Amino acid sequence: MVPDATFTSYYGRPVVKPSPWELDIPAYLFLGGLAAGSSLLGAGADLSDRPVLRRAGRLGALAAISLSLVALVRDLGRPSRFLNMMRVLKPTSPMSVGTWILTAYGPGAAVAGAAEAARLLPINLGLIGRLLDVAARPAGLAAAGVAPAVASYTGVLLSDTATPAWHDAHRELPFLFVSSAAAASGGFGMLTAPLDEAGPARRMAVGGALAELAIEQRMEHSMGLSAETLHTGTAGTLMKASKALTLGGALGAAFLGGRSRTAAAISGAALMAGSACTRFGVFEAGQHSAKDPKYTVVPQRERLNRRRAGGNQPTTEEAR
Amino acid sequence: MSTQAFGSSGIDQAFGSSGLDQAFGSSDPNGPARDAGWEDSPPRVGFFTDTSICIGCKACEVACKEWNGNPDDGFDLLGSSFDNTGQLSGSTWRHVAFIEQRRPAGTAAGVFLGMPESPARPPVELGMPSLSRPGDSGDTDGRTEFRWLMSSDVCKHCTNAACLDVCPTGALFRTEFGTVVVQDDICNGCGYCVPACPYGVIDRRIGEQGTKNVGLAQKCTLCYDRLKVGQTPACAQACPTQSIQFGTLDELRERAVDRVQTLHDAGVSEARLYGEDPAGGTGGSGAFFLLLDEPEVYGLPPDPVATTADLPRMWKHAGLAAAGFLAAAVTAFAGRRR
C-alpha cells in the first residue's frame, strides 16, 4: 500500500499514540509558569519593600498553583489515586521529578499566600495571624528558590516523549517555557501593582517576552519537519496569536508601561494571554504531530537511510 | 523461578529499583531483569512473530481477549482490508494488520513458506475441491500481481523501555522474565507512558464507568500469569501456523536468523528482521518480527528510539533555563528603584 509518493504508512494511521491529555495539561503549563514567576516577584517585592507587588505575587502564586493541582488531578485516569505519584522518586521520569518539585514548592507558596490572604481579612486571626506573618518571608523565599524549576521542568516533561513536535523541540522547550513564564508573571505584576512598584515586573515581562519570541524562532529552525505543526490548524492559529500578543505586550510594556496605568494593565494582560497561547499552541502541535504518521515515519526513514549511506554496518532489519 | 505472588513481588521490585536500571543508557539486552534487581531470574523470554507464515486468522487477537478478559473496542468496519481492529489499544493487545499489495508477479513464485506439516496423519477426503495446498505445485500460472501481507503486532517489551522509564508511580515494572508489565493496582492513569512509547503500543483503557481497569494504562503482559506457571502466552498457544513463536530470547534470535536465511535462499530477498537488533534505539525488543516489507508498511516505526536516552541533556537544559530565570528575576529587582 503506497498512498503517498513521499512516505508509506498503514492506512494513514498514527504510528505513535498522541497523549491522552486534555486541555487541563496546557492550562497547567501556563498556570505553573505563572505561579513560579509570581513567587519570584513576590519574594523580590518582599525584600525590596514593594507591598502591593508582594501581595499580588504571593496571592497570584497561591491561586495559580492551586488551580494547577486541580488540573493535574482532574486529568488522571484515576484521580482518587493521585497520591500514588509519591510512591517513588525516579530521575528517569520527568513527571515524577515534577511531582517532587511541586511538593517542594507548594507549601512555601501556600504559607506566603495564606499570610497575604489573612491580612486582607476583616477579622484578627490572633496567634495564627501572627505565626503566618512570621513565616511569610521564609516561606516565600523558599518557594521562590524552587520556582524556577517549576517553570522549566515542564519543557522536559513534554520533550521526553515519542511525540515528534515535542521531542524535536527538546533543546529549546525548557528555555521557551521559562521565558513564557517570565512574560506571563511579569504581565500579571503589571496588571496588579501600581506603576511605582511595578518596575521589576515590567523588566521581567519585557525580557521574558523578547526571549520567548527569539527562542520560538530558533526552535522552529531546529525542529525539522515537525515544525510544520506549529503553523497549521489550531496550533498555527494559537502560535500566531501568541506572537502578536507577546510582541504587542512587550512593546506596550517597554514604551508605555512605565507611564500609564491603563497601558500597563493592557500590556500585562496581553502578555499573559500570549503566554497561554504559547502553551496551548505547543501542546496542540504535539498532539497533531503524533496523529499524523508523516512526522514519525519521514524523519526516521531519512535517519535510517543516512545511516545506511554512511557506510555503517547495516543491521539485519535494515538489510534489503 | 520466583514463586512469589504477582502483586507483592512486583510492588517490592518496582519500589526497590523503580526501573532505574535503564536510566540514561542501554542495559544488557539479555539481562534487563538482572539489571532491574532480580536475583536468579529465569532466562529472558519473548515473541518471534514470523509474518511470512501469518494467515490472518486473528486467533491471537481472540485468545488474548479471552485470556485477559479484555473488553472490545467497538465493532466497526474500518475499510482497511480485513483489519477491523485498527490498532493496539488499552483493550487490544494483539492486532493483526492486513495489507493488500500490488507487486510484480512471481517474485516469491512457488516458494513453500514453511507452514507446519500435519504429523503423520494421512489426508482425509472432506469433499473439498482439492487436497493439495495452494502453491505446493510450484506452478506460477494464474498468479496475479498481488500479495497479502499479514502481521500480528504486539508490545515489544523493549530492553530500554520508555514507558517504564517515564512511569511516575512505579506501576510499570520489569518482571523476572525481562518483560514489562503494568500493575493495575498502582497505576493512576497519568497517561505519560502513552506518548512515551515509540511504537504507539500502550494506551489508557477507554470505556464506560465500571469497565475493568478503565482509565488505567494497559498493554500486553506477555501473559505474566501464564509464565508464572510455566505456560505459553495465550496468543502463541493459539497461533495455528506458529507465526507467533514464544521462547527464550536467545533461542528465538537463532531461529529467526535461520529463518531469514532460509527465505533468502528460497528467493524471498525482502525478508528481514525488525526489532531484534540490540544496537537499535530501544536496545533490542523482547518481541521482534520477520517482515516482508519496510516496517512503516505495517504501521511500525522505521527507527524507533526511547527518548530517555536524551534525558541527561534535557535535564541539563532545564537546569540552565531555571538558573537563567532566577538570574533574570534578580536582575529585574537589581535595577533602579521605581
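Some points on the overall build of chain B
A count of helical and extended segments in chain B gives nine helices and ten strands. Across the 338 residues in chain B, those meeting the buried criterion constitute 50%. A sequence separation of at least 24 residues applies to 69% of the contacts in chain B between residues at least 6 apart.

Structural notes on the overall build of chain A
Along the backbone of chain A there are ten helices and zero strands. Order of helices (α) and strands (β) in chain A, N terminus to C terminus: α-α-α-α-α-α-α-α-α-α. Here the C-alpha coordinates of chain A stretch approximately 80 × 50 × 30 Å along the principal axes. Buried positions account for 61% of the 320 residues belonging to chain A. Here the contacts in chain A between residues at least 6 apart in sequence split such that 77% fall between residues at least 24 apart.

What to know about the domain arrangement of chain A
Residue and element names in this part refer to chain A. For chain A, the domain assignment lists domain 1 (1-19 + 161-310) and domain 2 (20-149). Spacing between the C-alpha centres of domain 1 and domain 2 amounts to 24 Å. The interface of domain 1 with domain 2 comprises 24 residues on the first partner and 20 residues on the second. For the side of domain 1 that touches domain 2, the elements supplying multiple residues, two or more each, are helix 6 (173-192), helix 7 (199-223) and helix 9 (261-291). In terms of residue count, helix 6 provides more of the side of domain 1 that touches domain 2 than any other element does, eleven residues in total. Tallied by class, the residues present in the side of domain 1 that touches domain 2 amount to 15 nonpolar, seven polar and two charged.

A closer look at helix 6 of chain A
With 20 residues, helix 6 of chain A should cover 28 Å at 1.5 Å per step; its first-to-last C-alpha distance of 28 Å lies within 8% of that length. When you tally the buried positions in helix 6 of chain A, you get 20 out of 20 residues, the bulk of the element.

Points about the interface of chain B and chain A
At the junction of the two partners, chain B supplies 67 residues and chain A supplies 71 residues. Those elements that provide at least two residues to the side of chain B that touches chain A are strand 2 (94-101), helix 4 (162-166), helix 5 (193-196), strand 6 (203-204), strand 9 (272-274) and helix 9 (311-334) of chain B. Ranked by the residues each element gives to the side of chain B that touches chain A, the list is headed by helix 9 of chain B, at 14 residues. Here the residues of the side of chain B that touches chain A sort into 38 nonpolar, 19 polar and ten charged.

Let's talk about the sheet that holds strand 8 (residues 244-248) of chain B
Residues and elements named next belong to chain B. Here four strands make up an open sheet; going across it, the order is 8-1-10-9 and the pairing mixed. Of all strands in the sheet, those bounded by a partner on one side alone are strand 8 and strand 9. Put simply, the sheet's adjacent strands are angled 25° from each other on average, direction ignored. Pairing of strand 1 (residues 45-50) with strand 8 involves five bridges; the strand directions are antiparallel. Within the sheet, the bridge partner assigned to Thr 49 lies in strand 8 and is Ile 244. Set on the sheet, helix 8 (residues 249-265) makes contact with strand 1, strand 8, strand 9 and strand 10 (287-291); between it and strand 8 the angle comes to about 135°.

Side note on unusual backbone geometry
Within the chain, Ser 81 of chain B stands out as a residue other than glycine whose phi angle is a positive 55°. As for its placement among the helices and strands, Ser 81 of chain B is situated in the loop between helix 3 (59-68) and strand 2.

Concerning the confidence of the model for chain A
Residue and element names in this part refer to chain A. Of all residues in chain A, 95% have pLDDT values of 70 or greater, and the mean over the chain is 94. pLDDT under 50 marks residues 1-5. Its contacts with residues more than four places away, or in other chains, come to five contacts. Predicted confidence is poor over residues 313-320, with pLDDT under 50, and the contacts of this stretch with residues over four places away or in other chains come to 16 contacts.

Concerning the confidence of the model for chain B
Residue and element names in this part refer to chain B. Mean pLDDT over chain B: 85, with 78% of residues reaching 70 or higher. Here residues 1-26 is a poorly scored stretch, pLDDT under 50, and it has 52 contacts once near neighbours within four places are set aside; other chains count. Scored as a whole, the predicted complex attains pTM 0.89, and scored at its interfaces, ipTM 0.93.

A word on the packing of helix 2 (residues 51-74) of chain A against helix 3 (residues 94-120) of chain A
All names here are of chain A. Closest axis-to-axis distance for the helix 2/helix 3 pair is 8 Å, and the angle between their directions is 125°. The orientation of helix 2 relative to helix 3 falls into the category oblique. Along this stretch, helix 2 crosses helix 3, giving a crossing that reads as left-handed. On helix 3, the residues touching Arg 55, Arg 58, Leu 59, Ala 61, Leu 62 and Ile 65 of helix 2 are Gly 106, Ala 109, Ala 110, Ala 112, Gly 113, Glu 116 and Ala 117.

Regarding the nonpolar core
Ala 143 and Val 150 of chain A together with Cys 163, Cys 193 and Cys 197 of chain B are the most contacted members of the largest nonpolar core, which totals 187 residues. Inspection of this core shows a minimum of three residues originating in each of domain 1 (1-19 + 161-310) and domain 2 (20-149) of chain A. Beyond its immediate sequence surroundings of up to four residues, Ala 143 of chain A is in contact with Ser 39, Ala 61, Tyr 105, Gly 108, Ala 109 and Ala 112 of chain A.

Procedures and definitions
Residues numbered from 1 in each chain as written. Chains lettered and ligands numbered in written order. Predicted model: local features only at pLDDT ≥ 70, side-chain atom pairs only at ≥ 80, totals over all residues. Helix = DSSP H or I, 4+ residues; strand = E, 2+ residues; numbered from the N terminus. Buried ≥ 20, exposed ≤ 12 C-beta atoms within 10 Å, placed from the backbone. Contact = placed C-beta atoms within 7 Å. Domains from an automatic or database assignment. Nonpolar A, V, L, I, M, F, W, Y, C, P; charged D, E, K, R; others polar. Expected span 1.5 Å × (residues − 1). Pairing = 2+ DSSP bridges. Axes fitted to C-alpha atoms, helices over the stretch in contact; angles between N-to-C directions. pLDDT = per-residue confidence, 0-100. Parallel < 35°, antiparallel > 145°, perpendicular 65-115°, else oblique. Left-handed = near helix turned anticlockwise from the far one by under 90°. Core = buried A, V, L, I, M, F, W, Y, C linked by C-beta atoms within 7 Å.

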